[in-house]
Structures are given as C-alpha cells and as structure tokens.
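So you can see what is in the structure, the chains are spelled out below.
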Amino acid sequence: MKKLLQLIPFLAILLVPSVLLAASGHDQPAYHLEDGSVQYAKMPLPLENYPPPADSIIDTIMFRAKAEPFNVAATIIFFLAIFHTFMASTFTKISHKLEHEHEEQLKEAGIQTPKHPEGVPPVSFKATIFHFLGEVEAVFGLWVLALAAASIYFHEWNEFVLYVAKDRNFTEPMFVVVVMAIASSRPVLRFAERMMSKAAALGKGSPSAWWLSVLIIAPILGSFITEPAAMTIGALLLGKKFYRFQPPAKLAYATLGLLFVNISVGGTLTHFAAPPVLMIAEPWSWNTPFMLQHFGWKAVVGIFISCAAYFSYFKKELFKLSDRADGTEDGVVETTSWIERENPIPLWITLVHLIFLTWTVYTAHYPALFVGGFLFFIAFITATQHHQNPLSLRGPILVGFFLGGLVVHGGFQGWWISPLITALDDNLLMVGATILTAFNDNAAITYLAAQVTDISMGAKHAVVAGAVCGGGLTVIANAPNPAGQSILGKYFKDGISPLGLLSGALIPTIIVYVCMAILPNGPAQPDVPVTTHGTPAAIEQHETPAHH
C-alpha cells in the first residue's frame, strides 16, 4: 500500500493533461503547420506565422514582441524562474533558520515529540514553505502557476489547457522518472559498481581512483543506457565512493561541474541517448555512425582531457581525501547500514533488472509501454525485496516535475531564440548555442534549430556541438542535470549553488568546446540522401563548417 501511495504523484503526471483537456470543452486545431503537424492552442503564435526576419535580430524580436505581447510576459516569467533557481540556496538557509527558531520555541514551551510511535512534533509552516521554495526541482513547476495566470489574462483558460494537454509532450519527464527509479535500484547500481571497480582497482579502490573511474566511464556509458540513467548511476556512485568523505567545497563543485559536462557530451556516441540529439536525429537523418564520427570521438577526447586536467589540479586534495578515508588504503568504509550492505545479489535478479532497464530505453518514446513495464518492475522488486533497497520515488518524481515545468515554459521561448539561431554565422552560432543552453534546456535549442529550413551542415554541427558543450553550465541546461542535483544536493551545505556549479563546469565546457570546434569530422554520411529542402545530403555534407 505504501508503494501505491508513492505512485499517486507519478500517476497525476499522466492524468492531469487528460483531465484538463476534458475540462476545456473543445480540441479543434488552431493552426495547421507547414510540416503537416497541428497546433491546438492559439498560443504561442507559430514561428512560421511571423513575417520574415528583419535586418537585425533586435528589430525581429521587437516586432514579434509587439505582434504578440504575451511573448514578453512568458519570457519574463521564464527568466524569473531562472533567477529563482539562483536564489534557492538563500531560501534553504532561511528555512534552516526558521526551523531552528521553531525548535527553540518548542523547547521553551516544553512541547516534546508525542509519545505515540507514529506521532510527530509540531511542524513550522513557514520553515516548510521556504524549504519548498529552496527545492530547485520545484522551481519551474511553481512558476507554471504564474504562466497560467498570464495565459488566462492575455488569452483564456481553454487555450492554456489545450497548450498543456495537446501541444506539449511530457514523454521525456515521464521517461526520466522511470529510468531514474530503475537505474537507482540496488542490483543495477551494484552491477555498475562492479564494472567501474575494475578501473578503480588500478588505484587501489581509493576515493581518487573511484573519482576518475566514475567521471570517465559513466558519461560514455550514457551513450548506450541514455544520459538520465548514466547520471543517476554516476551521481549515486560518486556519493558513495567520493562525496561521503566530505571533499573541500572547491573540489566538490569542480567534480559536480565535470560530471554534468561529461554526461552532456558523453551521450553523443549514438543518436538515441542524448535529449538534444534525439530532437534532430530523425529530421536531419543523423544515425549512430554519423554521431560517432562527427561528435562522439571528440566527446571522448574532451572527457579524458577534462578529467586529466582536473585530476592534475586537485591531485593533492584527492590524495588527502584518500588518505583520510577511514584510515583504509582502499577507501572502503565499513557500515552497518542495511541499504549499503554488501550481500551478494543473485545473477538472475541483476539480469532481470537490466532487462527492465533495456526495455525502458527501447520504448523511451512510448509512455504506455515503459510505464507499464515500470509497474511490472515494482511487482518484481516486491517479490524479491530481501535483495532490494526500498524504492524511493521522491527524487525521480521531483526531477520529472522539474522537467515537466521546463517543457511548459520552453514552448514559449522560440519567438526570441529562433532569430538568434538563424541570424548568426557558424562560429557565432556555436558560441550562441552554448550560452543559450545555460538558460534553456539544450534539447529545446536543437529542436528549434530543426524547425529552421535551409540550414547548412556547418550550422547544424555548430548548434548541436554548442548545445551539448553547454549542457553542464546550469541545472536547467540538460535534462539529466536535475537528477544529479537531486542525488548529490545533500552533500552541499544549504544545497547546490548555481554559481558554484557554473564555476566548476566552466573549464570542462571550454575543453570540450575546443575539441568539438577544432578536431576534424569523420567521413560518415547520413542514411537518408535528401534534406528538407531537396538538396542531396551527400553534397551538403561536403560543406566545410566555418569553425573548422
């Protein structure tokens, strides 16, 4: 029953759009788009319905703002939500202060915890509210309320309902919830741990050896099990093998930034694992050989260089951490915790978990299939619970809530992002895509680029390279980042600072950016020989990107 109750918020994610749609009373498309698709809501105004871009980016944006004033309101709310993420640690500090004051008041009043086993002490409502405001994963969902109010003011309720229920796709948030829950299960985590322990054994299993092993292997693994799963496994292992030994703040943030950047570029060895690549793989006919030879091998080079650079710079701190790791050479800490027990797991149970994980990745575009598989997964872990750890859905659901909010906000940002993408040359486009990614999900950046017709091969390469390179700069830059934030946030006092993450990710971002920009592309060609505007892809492919 307890597990069923935990599923209620997750089921709500599935049911709310349907309930809203039923309440709207109509579902006739408002626009029939040039690509054959339809848009049900009258907002946002489709990009193809605006006049051709003006001579300058500023003029184009100003005209679109006047043509649809709601654009300005939606973008202001979006940037307020981003500002809120930077204020989250401040709200957390206020929450801790109010909680401390509340506890002191209870002591002075002589109020103690109820004697009943299930009793709880009085809760500070103010402290809880500020704690909620300090949850980064809740920020964008919270600001959807303001966006809904603005939508009703400029349009009407039914339009917002149609936008959320019909025009937005929440498959990715649901997928991340499920894949996080499965990837964090004890058999999958132990399997990944055994794989990486082979590399960590070269350094006697010390925290520094695990640090290097996880930060190299987990991101590359993301190209095959998807980036959200790789982030979950990598973050959990870093917490267990590295962060638990309380590294200095500078090293802690450097590690977090390195993890986020490596995960973002590590999924580019294939065409199905990284969200920004998924957005363009089919429209641009980019398959796995193409991704591997144009992006993947460069990403691997960048990951190795970044890890080597940080390891060299923080070598003293890493070795000190290994020396004081409970006084043992291998860095293993003995624990009596049931969750961290080392009891062996039968091979067949691990194989079943890996099958569930594979099924989820294989059916990633079909919620009915991977959610159904997840329900069978819950039944399986209940039947084998003596080999399992308790299934925690709080983190995955919060991450799904974060991404769902980002999906809602992101749909209203194309009016100003699209002119930037189309107006910049290839060199500036790669820089612009990297910077824009810090303020919007990188999958949204590449999605908007895929809607632009007559885009050159150099521009395609620039926007995708910039999007994946900038995916570690902020928590909103890449879909798996909220998962890492949720898992590792407890190791940072008052939560993870956005500026701390930015500083930690900056150097690795520059390194992978340089690798993507200057290393040569391979000869692989897309499978489909025709582009959207009729030019043979084999001919277009021979264009030399300006930044090469």
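Residues numbered from 1 in each chain as written. Predicted model: local features only at pLDDT ≥ 70, side-chain atom pairs only at ≥ 80, totals over all residues. Heavy atoms only, no water.

Topic: the confidence of the model for the protein chain
Mean pLDDT over the protein chain works out to 85, with 86% of the residues at or above the 70 mark. Below pLDDT 50 for its whole length, residues 328-333 participates in 15 contacts with residues either more than four positions away or in separate chains. Counted against residues more than four places away or in other chains, residues 527-548, with its pLDDT under 50, gives 49 contacts. (pLDDT = per-residue confidence, 0-100. Contact = heavy atoms within 4.5 Å.)

Digging into the nonpolar core
In this structure, F140, I233, L259, W284, W286 and F374 are the most contacted members of the largest nonpolar core, which totals 124 residues. When residues in this core are grouped by element, the largest group, 11 residues, is from helix α12 (residues 249-266). One finds A73, I77, F160 and L162 within the second-largest nonpolar core, a separate group that totals 19 residues. (Core = buried A, V, L, I, M, F, W, Y, C linked by side-chain atoms within 4.5 Å. Buried < 20%, exposed > 50% of the residue type's maximum accessible area, 1.4 Å probe, protein only. Helix = DSSP H or I, 4+ residues; strand = E, 2+ residues; numbered from the N terminus.)

Describing the layout of surface pockets
Looking at the second largest pocket, its volume works out to about 1,300 Å³. Lining the second largest pocket we find 47 residues, and of these L236, S486, I487, L488 and K490 sit closest to its centre. Breaking the lining of the second largest pocket down by element, the ones donating at least two residues are α4 (70-109), α8 (171-183), α9 (186-200), α11 (227-241), α17 (367-383), α18 (394-410) and α23 (481-488). With 5 residues, α11 is the single largest residue contributor to the lining of the second largest pocket. (1 Å grid on protein atoms, 1.4 Å probe; cavity = no way out; pocket = protein on both sides within 12 Å on 5 of 7 lines; lining within 4 Å. Points joined across faces, edges and corners; volume = space filled by probe spheres on them.)

Concerning the pattern of salt bridges
One pass over the structure, following the stated rule, counts 3 salt bridges. Notably, a salt bridge pairs E193 with K241, separated by 3.2 Å at the nearest N-O pair. Remark: K241 occurs in helix α11 and E193 occurs in helix α9; sequence separation between them is 48 residues. Across the pair, exposure class does not vary: E193 and K241 are buried alike. (Salt bridge = Lys/Arg side-chain N within 4 Å of Asp/Glu carboxyl O.)

Re unusual backbone geometry
For the peptide bond that leads from M43 to P44, omega is -10°, which places it in the cis range. Relative to the helices and strands, P44 resides in the loop between β2 (38-39) and α3 (57-67). With phi around 80°, T226 is a residue other than glycine that occupies positive phi space. Residue placement: T226 occurs in the loop between α10 (207-225) and α11. Phi is positive for S285, close to 60°, though the residue is something other than glycine. Position of S285 among the secondary structure elements: in the loop between α13 (275-281) and α14 (288-313). For S285, a relative accessible area of 13% puts it in the buried group.

Details of the state of the cysteines
According to the stated counting rule, one finds 0 disulfides in the structure shown. Its sulfur unpaired, C469 is 8.5 Å from the next cysteine sulfur, which belongs to C515. (Disulfide = S-S within 2.5 Å.)

Looking at the environment of A309
Looking at the element boundaries, A309 is found in helix α14. Spatially, the C-alpha atoms of A309 and P508 are 8.8 Å apart, while their sequence positions differ by 199 residues.

Concerning a nonpolar patch on the surface
Judged by side-chain polarity, L506, I507, I510, V514 and I518 come together as a nonpolar surface patch covering roughly 440 Å² of accessible area. Relative to the helices and strands, I507 resides in helix α24 (residues 498-518). (Patch = residues over 30% accessible without salt bridge, like charges linked within 9 Å, V, L, I, M, F, W, Y side chains within 5 Å. Areas by Shrake-Rupley, 256 points an atom, 1.4 Å probe, with all protein chains shown as cover.)

A look at a positive patch on the surface
Among the surface-exposed residues, K315, K316, K320 and R324 lie close enough to one another that they form a single positively charged patch. Topologically, K315 is positioned in helix α15 (residues 315-323). (Lys, Arg positive; Asp, Glu negative; His and termini not counted. Charge placed at Lys NZ, Arg CZ, Asp CG, Glu CD.)

A look at the packing of α8 against α18
Two numbers describe how α8 lies on α18: the axes approach to 8 Å, and their chain directions differ by 160°. When the axis of α8 is compared with that of α18, the two are roughly antiparallel. By crossing handedness, the relation of α8 to α18 is classed as right-handed. In this structure, α8 contributes P173, V176, V177, M180 and A181 to the contact, and α18 contributes G395, P396, I397, V399, G400, L403, G404 and V407. (Axes fitted to C-alpha atoms, helices over the stretch in contact; angles between N-to-C directions. Parallel < 35°, antiparallel > 145°, perpendicular 65-115°, else oblique. Left-handed = near helix turned anticlockwise from the far one by under 90°.)

So, the side chain of T92
With respect to the element layout, T92 can be found in helix α4. Apart from the residues within four sequence positions on either side, T92 is in contact with F130, G134 and D494.

Notes on helix α20 (residues 426-437)
The α-helix advances 3.6 residues per turn, and as a result positions three or four apart in sequence lie on the same side. In this model α20 runs 16 Å from its N-terminal to its C-terminal C-alpha over 12 residues, within 8% of the 16 Å that 1.5 Å per residue would give. Turning to α20, its buried residues number three or more, namely D426, L429, M430, G432, A433, T434, L436 and T437. The opening residue of α20 is D425, an N-cap whose side-chain oxygen sits 3.2 Å from the backbone nitrogen of N427. (Expected span 1.5 Å × (residues − 1). Polar contact = N/O pair within 3.5 Å; in protein donor to acceptor, adjacent residues only side chain to side chain.)

Section: the packing of α9 against α10
Where α9 meets α10, the axes come as close as 9 Å, and the angle between the chain directions of the two elements is 120°. Relative to α10, the element α9 is oriented oblique. The handedness of the crossing between α9 and α10 comes out as right-handed. The segment α9 lies against α10, with E193, M196, S197, A199 and A200 engaging A209, W210, S213, V214, I217 and A218. Each residue belonging to the contact of α9 with α10 can be placed in one class, and the counts come to 8 nonpolar, 2 polar and 1 charged. (Nonpolar A, V, L, I, M, F, W, Y, C, P; charged D, E, K, R; others polar.)

Notes on the packing of aromatic side chains
One pass over the full model with this rule turns up 27 aromatic pairs. Summarising the aromatic geometry, the rings of F78 and F79 are spaced 5.6 Å apart at their centres and angled 75° between planes, so their arrangement reads as edge-to-face. Here F78 falls in the buried class, since its relative accessible area comes to 0%. Residue classification places F79 among the partly exposed positions, given a relative accessible area of 33%. Plain terms: the ring middles of F356 and F377 are 5.5 Å apart, the flat faces sit at 75° to each other, and that makes the pair edge-to-face. (Phe/Tyr/Trp six-rings, centres within 6.5 Å; stacked < 30°, edge-to-face > 60°.)

Points about the environment of K493
As for its placement among the helices and strands, K493 is situated in the loop between α23 and α24. The spacing of K493 and K93 is 400 residues in sequence and 9.2 Å in space, taken between C-alpha atoms.

What to know about α10
Judged by how many residues are buried, α10 sits mostly within the fold: 15 of 19 residues are covered. T226 sits one or two residues past α10 and shows a positive phi near 80°.

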